[in-house]
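# Breakdown of the fold
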Amino acid sequence: MSWILLIIGGLFEVAFASCLGKARETAGGESAYWMLGFLLSLTASMFFLYKATQELPIGTAYAVWTGIGAVGTVLVGIFVFKEPAGFWRLFFIMTLIASIIGLKFVSSH
């Protein structure tokens, strides 16, 4: 169950980073709504990370949480914000994914 909570927390990390990107692109009231989404997503992300660390080692949980956030945010950047998707960028994203999977398999929980 802790791994599921950690994945949910990582997805909320992607959400809060994405809300920051949208807030940057907008102004006024619309920007305020994106900032509210950022704050809510940030709170949820931290809550799920906290719950996951009740059973998982903090080092493993934090590395996986940030990895999910990093990979997810890069993918959102590519597909939503039209950021470049060159070979080396995708190559290193794949190494991050492999590292996240590796941490899961070598974890004692």
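### Considerations on the overall build of the chain
Scanning the chain from N- to C-terminus turns up 4 helices and 0 strands. Principal-axis analysis of the C-alpha atoms places the extent of the chain at approximately 50 × 35 × 15 Å. Taking all 109 residues of the chain together, the buried fraction comes to 37%. Summarising the internal contacts of the chain: among those between residues at least 6 apart in sequence, 72% fall at separations of at least 24. Here the chain has roughly 6600 Å² of accessible surface; of this, 75% comes from carbon and sulfur atoms. Once the 6 positive and 5 negative side-chain charges of the chain are each reduced to a mean point, those two points are 4 Å apart.

### Focus on the environment of Ile97
Mapping Ile97 onto the fold places it in helix 4 (residues 87-106). For Ile97, a relative accessible area of 29% corresponds to the partly exposed category. Sequence separation between Ile97 and Ala23 is 74 residues; the distance between their C-alpha atoms is 28 Å.

### Things to note about helix 2 (residues 28-52)
A rise of 1.5 Å per residue sets the reference length of helix 2, with its 25 residues, at 36 Å; its end C-alpha atoms lie 36 Å apart and thus fit the reference within 8%. Inspection of helix 2 places Ser31, Gly37, Phe38, Ser41, Ala44, Ser45, Phe48, Leu49 and Ala52 among the buried residues, and these make up the whole buried set. Contacts made by the buried residues of helix 2 are with helix 1 (2-25) and helix 3 (58-79).

### Here's the deal with the nonpolar core
In terms of nonpolar packing, the biggest core is built from 17 residues, with Trp3, Leu6, Leu49, Ala52, Leu56, Ala61 and Val64 touching the most fellow members. For this core, the secondary structure elements donating two or more residues are helix 1, helix 2, helix 3 and helix 4. Per element, the largest residue contribution to this core is 7 residues, and it comes from helix 3. Not counting chain neighbours up to four residues away, the residues in contact with Ala61 comprise Leu6, Leu49, Thr53 and Leu56.

Conventions and cut-offs
Residues numbered from 1 in each chain as written. Predicted model: local features only at pLDDT ≥ 70, side-chain atom pairs only at ≥ 80, totals over all residues. Heavy atoms only, no water. Helix = DSSP H or I, 4+ residues; strand = E, 2+ residues; numbered from the N terminus. Buried < 20%, exposed > 50% of the residue type's maximum accessible area, 1.4 Å probe, protein only. Contact = heavy atoms within 4.5 Å. Areas by Shrake-Rupley, 256 points an atom, 1.4 Å probe, with all protein chains shown as cover. Lys, Arg positive; Asp, Glu negative; His and termini not counted. Charge placed at Lys NZ, Arg CZ, Asp CG, Glu CD. Expected span 1.5 Å × (residues − 1). Core = buried A, V, L, I, M, F, W, Y, C linked by side-chain atoms within 4.5 Å.

Everything listed is a geometric property; what it means functionally is a separate question.
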